Amino acid sequence: MTIVINMRDGLDERKIKVAARLILGGKLVAFPTETVYGLGADALNEKAVRRIFEAKGRPADNPLIVHIAEFDDLKKLAREIPEEARLLAKKFWPGPLTIVLPKREEVPLVTTGGLDTVAVRMPAHPIALALIKASTPIAAPSANISGKPSPTLAEHVVDDFYGRIEAIIDGGPTWVGVESTVIDLSSERPTLLRPGGLPLEEIEKVIGPVEIHPAVKGKAVDLARAPGMKYRHYSPNAQVVVVEGPRERVREKIEELIAEYRSKGYRVGVMATEEFEADEFFHLGKTVEDVARNLFRALRELDRRGVDVIIAEGVEERGLGLAVMNRLRKASGYRIIRA
Ligand code: AMP
Ligand code: MG
């Protein structure tokens, strides 16, 4: 049995209490954040966290992010808090930034995928913050079946988990649309592990140059050192191909590909920032922020419309574009076509 808790019209403290009680009772509650919907459980309750992995079909060595509602919560989770972490938290929390730090004993290894570090973030969504405040730090990966595109609407969570978790809080569409930026501050040099909703450029303005883990831009190379980066991700049922290159040439290439795939009898979907004539089309909007917000929704929606192939227009790898391209390339299984 899954209860769907409607908070589309805003925060409702009485309903938050109901959801908080479920979390404290070791149950699973999906909730909106500003990035994507999360599948939450009490981060310090081993049994509850294990159920997240079971429900998602997530490999046990793919660590979860622990969500907190105030800076002091971080002290209960992290053994050491370096100056960089304080600076970043002060500037960007609540917001789409996750910080990896050495973990305290109290944080179960189930939560951290067996690592001695813990990933922590303070989300900016009022519903998420209220739920955490009314309960406890919440471990939450994206609320999708492992390998599928992340959910940006409660309907996506219903599609994947109805009947398999205790509750889903419907807070309407999320507004960032891609997951948080993950930065590792547990070793000598700050390292970007996953690009996300907070542009790297913003982080570097505060703490200086950040190393980029090689898995961020291309294929996962050093798998052992890249927890959570080695799995198939964000994939709809349709085959995705990404077209990258100078704008003028990209348009031409996409048109060429539409014709080619259609001649082979495929139903072709296109997701792009300008109109295309295809079997199905999803307009991603104009700015890179629009593209980030609509990305996962477009993948799920084109799938629902039954296309065989999704042709996706690439964007420049600046600002949020780094996160967008990281998700698109993974969704395509690295089927990248250069225009
Ligand atoms: P998701 O919850 O699906 O958004 O994925 C969380 C991601 O955060 C993981 O796949 C890792 O890339 C990253 N992450 C979480 N915890 C850690 C950690 N302790 N060390 C390194 N990366 C982490
Ligand atoms: Mg995920």
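Everything that follows concerns the structure shown earlier in this document.
Now for a description of the structure that goes with this document. The structure presented is a predicted model; accordingly, all values stated were derived computationally and were not measured. (Residues numbered from 1 in each chain as written. Chains lettered and ligands numbered in written order. Predicted model: local features only at pLDDT ≥ 70, side-chain atom pairs only at ≥ 80, totals over all residues. Heavy atoms only, no water.)

For the rest of this paragraph, the subject is the overall build of the protein chain. Along its length, the protein chain carries 10 helices and 16 strands. Here the C-alpha atoms of the protein chain give a radius of gyration of 20 Å, agreeing with the 20 Å that 2.2 N^0.38 yields for 339 residues. Counting only C-alpha atoms, the protein chain reaches 60 × 45 × 35 Å along its principal axes. Restricting to contacts in the protein chain with at least 6 residues of sequence separation, those with at least 24 account for 66%. For the protein chain, the distance from the average site of its 50 positive side-chain charges to the average site of its 49 negative ones is 3 Å. (Helix = DSSP H or I, 4+ residues; strand = E, 2+ residues; numbered from the N terminus. Rg over C-alpha atoms; globule rule 2.2 N^0.38 Å. Contact = heavy atoms within 4.5 Å. Lys, Arg positive; Asp, Glu negative; His and termini not counted. Charge placed at Lys NZ, Arg CZ, Asp CG, Glu CD.)

What follows concerns the site of ligand 1. The environment of ligand 1 is formed by 16 residues, the closest being R58, N62, T117, P141 and R194. Between ligand 1 and R58 there is a distance of 3.1 Å, counted from an oxygen atom to a side-chain nitrogen or oxygen. Within the side chain of T117, one N or O atom sits 3.0 Å away from a nitrogen atom of ligand 1. Coverage of ligand 1 by the protein chains reaches 95% of its 500 Å² of free accessible surface. (Near = heavy atom within 4 Å. Polar contact = N/O pair within 3.5 Å; in protein donor to acceptor, adjacent residues only side chain to side chain. Areas by Shrake-Rupley, 256 points an atom, 1.4 Å probe, with all protein chains shown as cover.)

Bringing the sheet that holds strand β9 (residues 181-184) into the picture now. Taken together, the 11 strands give an open sheet; going across it, the order is β1-β8-β2-β3-β7-β4-β6-β5-β9-β10-β11, and neighbouring strands pair in mixed fashion. Looking along the sheet, the strands with just one partner apiece sit at the ends: β1 (3-6) and β11 (211-212). Contacts between helix α5 (residues 126-133) and the sheet are confined to β2 (29-32), β4 (65-67), β7 (138-139) and β8 (167-170), with β2 contributing the most and set at about 140 degrees to the helix. (Pairing = 2+ DSSP bridges. Axes fitted to C-alpha atoms, helices over the stretch in contact; angles between N-to-C directions.)

Another aspect to go through is helix α7 (residues 200-207). Looking at α7, one finds that the buried residues are L200, I203 and I207. All buried residues of α7 lie within an arc of 60 degrees about the axis, which places them on one face of the element. Elements in contact with the buried residues of α7: α4 (83-92), β5 (97-102), β9, β10 (191-194) and β11. Note on α7: the residue one or two positions beyond its end, G208, has a positive phi of about 85 degrees. (Buried < 20%, exposed > 50% of the residue type's maximum accessible area, 1.4 Å probe, protein only. Arc of directions from axis to C-beta.)

Before going further, it helps to spend a moment on the pattern of salt bridges. For the structure shown, the criterion picks out 28 salt bridges. In this structure, E256 engages K253 in a salt bridge whose closest nitrogen and oxygen atoms are separated by 3.3 Å. You can see E256 and its partner K253 sitting in helix α8 (residues 247-263), 3 residues apart, about one turn around the helix. Measuring nitrogen to oxygen at the nearest pair gives 3.8 Å for the salt bridge that ties K264 to E260. Residue classification places K264 among the exposed residues on the basis of a relative accessible area of 53%. When salt bridges with common partners are traced through the structure, they connect R247, R251, E255, E274 and E313 into a single cluster. (Salt bridge = Lys/Arg side-chain N within 4 Å of Asp/Glu carboxyl O.)

Take the packing of aromatic side chains next. The final tally for this structure, using the stated rule, is 2 aromatic pairs. When the centroid spacing of 5.9 Å and the interplanar angle of 55 degrees are considered together, the rings of Y261 and Y266 count as tilted. Y266 sits in the partly exposed class, given a relative accessible area of 37%. (Phe/Tyr/Trp six-rings, centres within 6.5 Å; stacked < 30°, edge-to-face > 60°.)

With respect to the helices and strands, R79 occurs in the loop between α3 (71-77) and α4. Accessibility expressed as a relative area gives 45% for R79, which makes it partly exposed. For the pair R79 and A43, spaced 36 residues apart in sequence, the C-alpha separation works out to 16 Å. Residue contacts for R79: discarding those within four places in its chain leaves P102, K103, R104 and D116.

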